[in-house]
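Structural description and commentary
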Amino acid sequence: MNDLTAGDIMESDVITVSADMTVQELAELLSKKKISGAPVVDDQKRVVGIVSESDLVSLDADIHFPHYIQFLDSVIFLESVKKFEERLRKTAATRIKQIMTVDVATAQKDTPLHEVATMMTDRGINRLPVLDGDVLVGIVTRASLVRSMTKR
């Protein structure tokens, strides 16, 4: 049974959110449903982002200005200014569209399980939306991968 696919193990009852939902509504939903994240979808059920507990936690984290040195008339940053700007932007967020990750890894229903596991491991992600074409039809989580091991 090593030929399992994402479609074979995905959870098809996916809790999704919209980009215009408030951060407070997201926190309440994740807590109520006891989930750690959800795909962000548009009206046609196309994935436009993904949001997780870590996005919410980062809202309360301290922001530190990147370390720098001054050399002659130049400022040389020793840390990523882009990361600082991203964290600053997220701190002021009130809507999901302001904190969601837009570069979302996805799988098709027929993606082999070993590719799903590799993608999740390489990208350090806990959930992978499953698509049929460009429409969300399910989600594979680390828990569903572990459960699939009993099917092999």
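Residues numbered from 1 in each chain as written. Predicted model: local features only at pLDDT ≥ 70, side-chain atom pairs only at ≥ 80, totals over all residues. Heavy atoms only, no water.

**Notes on the side chain of Thr111**
What counts here: Strands here are runs of E lasting at least two residues and helices are runs of H or I lasting at least four, both read from the DSSP assignment and numbered beginning at the N terminus. Residue exposure (1.4 Å probe, protein chains only): buried if accessible area is under 20% of the type maximum, exposed if over 50%, otherwise partly exposed. The contact rule is simple, with two residues in contact once any of their heavy atoms fall within 4.5 Å.
Checked against the element boundaries, Thr111 lands in the loop between strand S5 (107–108) and helix H5 (113–123). Looking at Thr111, the relative accessible area reads 11%, which means it is buried. Excluding its chain neighbours within four sequence positions, the residues that come into contact with Thr111 are Leu4, Thr5, Ala6 and Val116.

**A look at the environment of Lys45**
Structurally, Lys45 can be placed in the loop between strand S1 (37–41) and strand S2 (47–52). When the C-alpha atoms of Lys45 and Thr16 are compared, they prove to be 8.9 Å apart, with 29 residues separating the residues in sequence. Setting aside residues no more than four positions away along its own chain, Lys45 makes contact with Asp134, Val135 and Leu136.

**A few points about the environment of Asp110**
Here Asp110 shows up in the loop between S5 and H5. Along the backbone, Asp110 and Val130 are 20 residues apart, and their C-alpha atoms lie at a distance of 9.2 Å.

**Topic: the pairing of strand S6 (residues 127–132)**
Condition: Strands were regarded as paired on the criterion that DSSP finds at least two bridges between them.
The buried fraction of S6 is high, at five of six residues. By the bridge criterion, two bridges tie S5 to S6 in an arrangement that is parallel. What sits directly across from Gln108, in S6, is Leu131. Here S6 hands over to strand S7 (residues 135–141) after two residues, with Gly133 in that stretch at a positive phi of 75°.

**Comments concerning the layout of surface pockets**
Our working definition: Two kinds of site are reported from a 1 Å grid over the protein atoms alone, namely cavities, where a 1.4 Å probe fits but cannot get out, and pockets, open sets with protein on both sides within 12 Å along at least five of seven lines, and residues are called lining when an atom falls within 4 Å of a point. Grid points are joined across faces, edges and corners, and a volume is the space filled by probe spheres set on the points. Residue classes follow a fixed rule: Ala, Val, Leu, Ile, Met, Phe, Trp, Tyr, Cys and Pro count as nonpolar, while Asp, Glu, Lys and Arg count as charged, and any other residue, Gly among them, counts as polar.
Space inside the second largest pocket adds up to approximately 230 Å³. Glu11, Ile35, Gly37, Ile139 and Thr141 are, among the 14 residues lining the second largest pocket, the residues nearest its centre. For the lining of the second largest pocket, the secondary structure elements donating two or more residues are S1 and S7. Here the element with the most residues in the lining of the second largest pocket is S1; it accounts for three residues. Taken together, the residues that form the lining of the second largest pocket break down as six nonpolar, four polar and four charged.

**Focus: the pattern of salt bridges**
We count it as follows: Counted as salt bridges are all cases of a side-chain nitrogen of Lys or Arg within 4 Å of a carboxyl oxygen of Asp or Glu.
Inspection of the entire model under this criterion finds four salt bridges. When the shortest N-O distance is used, the salt bridge between Glu11 and Arg147 registers 3.0 Å. Here Arg147 lies in helix H6 (residues 142–148) and Glu11 lies in the loop between helix H1 (6–9) and helix H2 (23–33), a separation of 136 residues in the sequence. Two residues, Asp20 and Lys97, come together in a salt bridge whose shortest N-O distance is 2.8 Å. With Asp20 in the loop between H1 and H2 and Lys97 in the loop between helix H4 (81–91) and S5, this pair connects stretches of sequence that are 77 residues apart. For Asp20, a relative accessible area of 46% corresponds to the partly exposed category.

**Re H2**
For clarity, the threshold we go by: This arc is taken over the directions from the axis of the helix to the C-beta atoms.
Listed as buried for H2 are Val23, Leu26, Leu29 and Leu30. Across the axial projection of H2, the buried residues extend over an arc of 120°, all falling on one side. Along H2, exposed side chains directed more than 90 degrees from the buried face belong to Gln24, Ser31 and Lys32.

**Remarks on the sheet that holds S5**
What counts, and what does not: Axis lines are fitted through C-alpha atoms, for helices just across the contact stretch, and the angle between N-to-C directions can take any value from 0 to 180 degrees.
Ordered in space as S5-S6-S7, the three strands form an open sheet in which the pairing is mixed. Looking at which strands have only one partner, the edges of the open sheet turn out to be S5 and S7. Sheet topology places S6 next to S7; six bridges connect them, and they run antiparallel. Each residue of the ladder has a partner; that of Val130, found in S7, is Gly138. Its contacts with the sheet place H5 against S5, S6 and S7, and it is angled at close to 135° to S6.

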